[in-house]
Amino acid sequence: MEAKERRLGWGLVAPALVWTGAFFVLPFVAMLALSFAHMEGRTVVHGFGAGNYVRAFTDWTMVKALVNSLEITVLVTVVSVVLAYPLAAIIAFRVPARWQRLALLMAVLPFWTSYVVRSYSWLLVLGQNGVVNKTLLGLGLIAEPLEIASTRTATVIGFVHFFVMLLTLTIYANLIQLSPNYMRAAQDLGAGRWQTFRHVVLPLTLPGVVTGAFLTFVLCIGDYITPQILGGNAELTLPQLIMLQMGRSGNFPLASALSVVLMGVVTLAYFLSARWLRLDRL
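Numbers given to residues run from 1 along each chain, matching the order in which its sequence is written. The model is predicted, so local features are restricted to residues of pLDDT at least 70 and side-chain atom pairs to those at 80 or more, both for listing and for counting; the totals for chains, interfaces and linings are taken over all residues. Side-chain metrics rest on all non-hydrogen atoms present in the structure, leaving aside hydrogens and water.

This part covers the overall build of the protein chain. Looking only at helices and strands, the protein chain has 12 helices and 2 strands in total. Listing each helix as α and each strand as β along the protein chain from the N terminus yields α-β-β-α-α-α-α-α-α-α-α-α-α-α. The C-alpha extent of the protein chain, read off along each of the three principal axes, is 80 × 70 × 35 Å. Burial statistics for the protein chain: of 282 residues in total, 38% are counted as buried. Only heavy atoms matter for contacts: two residues are in contact if any of them lie within 4.5 Å across the pair. Of the contacts made within the protein chain by residues no fewer than 6 positions apart, 71% connect residues no fewer than 24 positions apart. Just so you know, the count uses Lys and Arg for positive and Asp and Glu for negative, and it drops His and the chain ends. Every charge is mapped onto a representative atom, which is NZ of Lys, CZ of Arg, CG of Asp or CD of Glu. When the 19 positive and 11 negative side-chain charges of the protein chain are each reduced to one mean point, those points stand 10 Å apart. By definition, any uninterrupted DSSP run of H or I lasting at least four residues is a helix, any uninterrupted run of E lasting at least two residues is a strand, and each is numbered from the N terminus. Under the scheme applied here, a residue whose accessible area is under 20% of the maximum for its type counts as buried, over 50% as exposed, and between as partly exposed, the area being computed with a 1.4 Å probe on protein chains only.

In structure tokens form, the structure reads like this:
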């Protein structure tokens, strides 16, 4: 009986294992093997050398790209959490239950628009002749248009616009599961609103916050489109540098090494946040 159940279990998970192996494990192994190769002219010479990794951590352009990616990603994650938590709390605790679905629907509306379209829309809004500059000029707050587009600020704004909605959903999913009795008990014991939030609500919803923050970190640090459209090429991120190595230089071994480094950063972030991650609560 146990052997039959075991075979049934393996049969059920086999499609997922085959899919993961074919479209993740094998491509990753191929990329990892290619990262140890090197270029001779336009020819890829396979071998086992660490030259690409040495260059990735010694070439200032590549180090700076990694630092830029980390700085932008951390800033976007922090700002998104700070903005998303109050929004999720308002929907969970202030909006009547019959209107909460509509509120969530309004929150996810940005997901209905193409990622590229959203980025170009922000480019139009933040450009020299965009809505922001025209409004500030009309109010007399500035004398000449601000340089917002093609800067890190524009990249952060574009990212935050997208990820606040994602974080709102993950945090709301945890807030809505909280029993009101927890807050009532804390208040009965003399805790104020801030103390109740700090010692009761926040610890119980921390898994949702960390899960959303981790998803934001992963999607943000690996994104190429938003920095390319909104940030331009003045301040390269690691995904942009990888695309340049592939598209312009044709240096696939170096691009593979940089991709492995990027995956290493994501893996490190996972282990740092694994204690609080609760993906099953989404």
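Back to the text.
Within this scheme a cavity is a closed region of a 1 Å grid, computed over the protein atoms alone, that accommodates a 1.4 Å probe without allowing it to escape, whereas a pocket is open but has protein on both sides within 12 Å along at least five of seven lines; lining residues each have an atom within 4 Å of a point. Grid points are joined across faces, edges and corners, and a volume is the space filled by probe spheres set on the points. The computed volume of the largest pocket comes to approximately 470 Å³. Taken together, Y85, P86, A89, I90, F93, R94, M183, Q187, R193, T196, F197 and V201 form the lining of the largest pocket. Breaking the lining of the largest pocket down by element, the ones donating at least two residues are α3 (60-94), α8 (180-188) and α9 (193-221). Of the residues forming the lining of the largest pocket, the biggest block, 6 residues, is contributed by α3. Considering only residue class, the lining of the largest pocket consists of 8 nonpolar, 2 polar and 2 charged. Three classes are used, and their members are as follows: Ala, Val, Leu, Ile, Met, Phe, Trp, Tyr, Cys and Pro are nonpolar, Asp, Glu, Lys and Arg are charged, and the others, Gly among them, are polar.

With that out of the way, let us pick up the nonpolar core. For our purposes a nonpolar core is just a set of buried Ala, Val, Leu, Ile, Met, Phe, Trp, Tyr and Cys residues, chained together by side-chain atoms within 4.5 Å. Counting residues in hydrophobic clusters, the biggest one holds 29 residues, and the most contacted among them are V76, F163, I171 and L175. Where this core is concerned, the elements lending two or more residues are α3, α4 (97-107), α7 (152-175) and α9. Those residues within four positions of F163 in sequence are excluded, and the remaining contacts are V76, S80, T216, L219 and C220. Judged by nonpolar contacts, the second largest core, of 22 residues, contains M31, Y53, A56 and L258.

Those residues carrying the UniProt feature "transmembrane region" (unreviewed entry) are residues 12-37, 72-95, 102-123, 156-179, 200-225 and 252-272 in this numbering. Along residues 200-225 one finds 88% helix and 0% strand; the C-alpha atoms at either end are 39 Å apart. UniProt positions are given in the numbering used here, feature names are shortened, and annotations may be inferred rather than shown by experiment.

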